[in-house]
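Okay, here's what each chain looks like letter by letter:
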Amino acid sequence: MATTAELFEEPFVADEYIERLAWRTPGGGSRGGEAFDPKRLLEEFVNHIQELQVMDERIQRKVEKLEQQCQKEAKEFAKKVQELQKSNQVAFQHFQELDEHISYVATKVCHLGDQLEGVNTPRQRAVEAQKLMKYFNEFLDGELKSDVFTNSEKIKEAADIIQKLHLIAQELPFDRFSEVKSKIASKYHDLECQLIQEFTSAQRRGEISRMREVAAVLLHFKGYSHCVDVYIKQCQEGAFLRNDVFEDAAILCQRVNKQVGEVFSNPETVLAKLIQNIFEVKLQSYVKDQLEEHRKSDAEQYLKNLYDLYTRTTNLSSKLMEFNLGTDKQTFLSKLIKSIFISYLENYIEVEIGYLKSRSAMILQRYYDSKNHQKRSIGTGGIQDLKERIRQRTNLPLGPSIDTHGETFLSQEVVVNLLQETKQAFERCHRLSDPSDLPKNAFRIFSMLVDFLCTEHIDYALETGLAGIPSSDSKNANLYFLDVVHQANTIFHLFDKQFNDHLMPLISSSPKLSECLQKKKDIIEQMEVKMDMGIDRTLNCMIGQMKHILAAEQKKTDFKPEDENNVLIQYTNACVKVCGYVRKQVEKIRNSMDGKNVDTVLMELGVRFHRLIYEHLQQYSYSCMGGMLAICDVAEYRKCAKDFKIALVLQLFDTLHALCNLLVVAPDNLKQVCSGEQLANLDKNILHSFVQLRVDYRSARLARHFS
């Protein structure tokens, strides 16, 4: 059986069990060269099965015995649990009885304590009243014999007694007890002074515990507030030695905040009183000294100091917000700040506007003086308005042209200075204006910027530039208006950026927003009208210059040479000079304009350029060789038109080039050329007008082919 038990290994696998049994049986395999003996293996299997059966019976008996034992023990355990439950119920009942008894005894004890207290309290009061009567008699006799009054170490007990006697004396009639009342009051005052002196000495020695003890005694005296004042005064001794009074104040409050809770029973009140004293004495005096010095003599420095001092004061207030100053510390600190600055803030915007106006005028005047320029007055109303309306409708120069000698009268430096001044004004306005007045004040500053930057500087430069544009028939005219436009656009981008960055945040949620936007829109439209007018007149001058070049350089013999066989030039001299001039103007326009304005102006110039060349070509008669030269000129003009990079302009010159082919094509091919892609859609009168320019037009053959 032992051998059988050894064959059972965990985990049990039947196949492996049989293999192990066969391997251990002699003749059960080929181990050691033994021959396989099936009978012997069968016999071993039969014997092993019998052993397993015997083992199974034996184990089954053991299992049954264990089950019986388990059932017996379970019954015994259940019986024991029932007995324990009964014992627990009895114990719980006893605990309830004990608890009721304890409650009864406690009630009796409390009742007894109340009775004892009811007896003891009147007794203590009587004893205390007896002591007070004894001390009162001493004051009545005029001789203080008690140790509590003569021993300086018992000042705390003496203070408690004299405080109570002082209250009693207040109720006594004056005529009978005037003398004793006076003595008690005198002693009360002496003790109060001694306590305050003791508190002061303890504070200087840094004895926090003694300070706390004395402050607790003084809390019931009238001089308690004087004790707080002494504490505040001594706290500030040596605290303001540096130049930065705001930083000194913050450090002082930080130090006192840590100490005041250890000394006083109401630390938030004491700290608030210290802060109030700092604001109303130290800061107010400092602010007054800094501002009054420049208030009437130097507006710029006054505004800078006001902004700086107000900012530093509000920053200090923000630091003090972390301390416990009572329920509404925000309102408390705001009132302190207002008490310091109210006299300066109520007329702040008037000072700001006055300074900004004088400063802006000075910047502009200094610039014009540097140019030796006497600024012309641009009138409004009456005749000036009439001239302006006539000029806008007719585009005619009214009045003599002014020679600006190439000066645009626009300065980046002036603009930067004006914008910088206005930026600082917006920052001061944001900080110093009352929230309800902020949009209104910001609008006033913006109006000043519009007046001086847009009207007095940009608009004046445009007006001067317009007056400086020569008439279209002037020779060798210098055209500077595009430079004015270029600089004006650049300046206005800066103006627009400041509008968005610094003005918008101040007015975005107020009705002033629409008013500012409308004002900005009006000034833009006003300047755009003058720019458009000036650009149009400048383009007219450009065309006028081209006319002068063509009139001076183009000869009638260019297109009808005397010797048809001896023409050596590729294009005429007039064409060369006109193309050179046009290319310079195109480049200038590109440098002066931005965005879509470049294409708009170039398209207008290109159309006028085409019209000029078209009308110019129709002034001449063309021989065959002259027609070829005209085609070469137009080809050069077309090459010049490509620089415009405008499809319409190039198309116009392509068509003009095709029209010039009519000057040289054989009479038999005229109809075919006229019906070509580029000329098919043109009016026949236009085609006819070009054919009429041929010197051979009068021949019957040509007239017959074109009829």
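Residues numbered from 1 in each chain as written. Predicted model: local features only at pLDDT ≥ 70, side-chain atom pairs only at ≥ 80, totals over all residues. Heavy atoms only, no water.

**Quick word on the packing of helix H18 (residues 512-553) against helix H20 (residues 596-617)**
When two helices pack together, their arrangement is given by the angle between the helix axes and by the axis-to-axis distance. Here is the rule: In this analysis an axis means a line fitted to C-alpha atoms, helices contributing only their contacting stretch, and an angle means the value between N-to-C directions, from 0 to 180 degrees. Under the DSSP-based scheme used, a helix requires at least four consecutive residues in state H or I and a strand at least two consecutive residues in state E, with every element numbered from the N terminus. By definition in this entry, angles of less than 35 degrees are roughly parallel, angles greater than 145 are roughly antiparallel, angles of 65 to 115 are roughly perpendicular, and the rest are oblique. The sense of a crossing depends on the near helix, which, turned anticlockwise from the far helix by less than a right angle, makes the crossing left-handed and, turned clockwise, makes it right-handed. In what follows, a contact means two residues having at least one pair of non-hydrogen atoms within 4.5 Å. Each residue is assigned to one of three groups, with Ala, Val, Leu, Ile, Met, Phe, Trp, Tyr, Cys and Pro labelled nonpolar, Asp, Glu, Lys and Arg labelled charged, and all others, Gly among them, labelled polar.
Two elements in contact, H18 and H20, have axes separated by 10 Å at closest approach and are oriented at 30 degrees. The angle between H18 and H20 places the two elements in the roughly parallel class. Handedness of the crossing formed by H18 with H20: right-handed. Contacts between H18 and H20 involve Ile-535, Asp-536, Leu-539, Asn-540, Met-542, Ile-543, Met-546, Lys-547 and Leu-550 from the former and Val-601, Glu-604, Leu-605, Arg-608, Phe-609, Leu-612, Ile-613 and His-616 from the latter. Class assignment of the residues belonging to the contact of H18 with H20 gives a composition of 11 nonpolar, two polar and four charged.

**Digging into a nonpolar patch on the surface**
Note the following rule: Like charges within 9 Å and nonpolar side chains (Val, Leu, Ile, Met, Phe, Trp, Tyr) within 5 Å are joined into patches, using only residues over 30% in relative accessible area that form no salt bridge. Here the accessible surface of atoms and residues is derived via Shrake-Rupley with a 1.4 Å probe, and residues count as covered only by protein chains that are part of the display. Between Lys or Arg on one side and Asp or Glu on the other, a salt bridge is scored when a side-chain nitrogen of the former is within 4 Å of a carboxyl oxygen of the latter. Accessibility here uses a 1.4 Å probe with only protein chains present; expressed as a share of the type maximum, an area under 20% marks a residue as buried, one over 50% as exposed, and anything in between as partly exposed.
On the surface, Tyr-104, Val-105 and Val-109 cluster together into a nonpolar patch covering about 290 Å² of accessible area. Exposure remark for Val-109: the relative accessible area of 52% places this residue in the exposed category.

**So, a negative patch on the surface**
Condition: In this tally, Asp and Glu contribute negative charge and Lys and Arg positive charge; neither His nor the terminal groups of the chain are included. To locate a charge, take NZ of a lysine, CZ of an arginine, CG of an aspartate or CD of a glutamate.
The grouping of Asp-522, Glu-525, Glu-528 and Asp-532 at the surface amounts to a negative patch. By the element assignment, Asp-522 lies in helix H18. In this structure Asp-522 comes out as partly exposed when scored by relative accessible area, which is 38%.

**What about the confidence of the model for the protein chain?**
Selection criterion: Confidence scores here are pLDDT values: one per residue, from the predictor, ranging 0 to 100.
On average, residues of the protein chain score 82 in pLDDT, and 80% of them are at 70 or above. Low pLDDT, under 50, characterises residues 379-386; the stretch is placed with two contacts to residues that sit more than four places away or in other chains.

**Observations concerning the packing of aromatic side chains**
Which entries qualify depends on this criterion: We call Phe, Tyr and Trp rings a pair once their centres come within 6.5 Å, taking the six-membered ring for Trp, and we label the pair stacked below 30 degrees between planes, edge-to-face above 60, and tilted otherwise.
A complete count under the given rule lists 16 aromatic pairs for this structure. Each ring, one from Phe-492 and one from Phe-495, has its centre 5.0 Å from the other, and the planes form 45 degrees; the classification is tilted. With Phe-492 and Phe-495 both in helix H17 (residues 481-507), this residue pair falls three residues apart, about one helical turn. Among the residues examined, Phe-492 registers a relative accessible area of 15% and is labelled buried. A relative accessible area of 0% places Phe-495 in the buried class.

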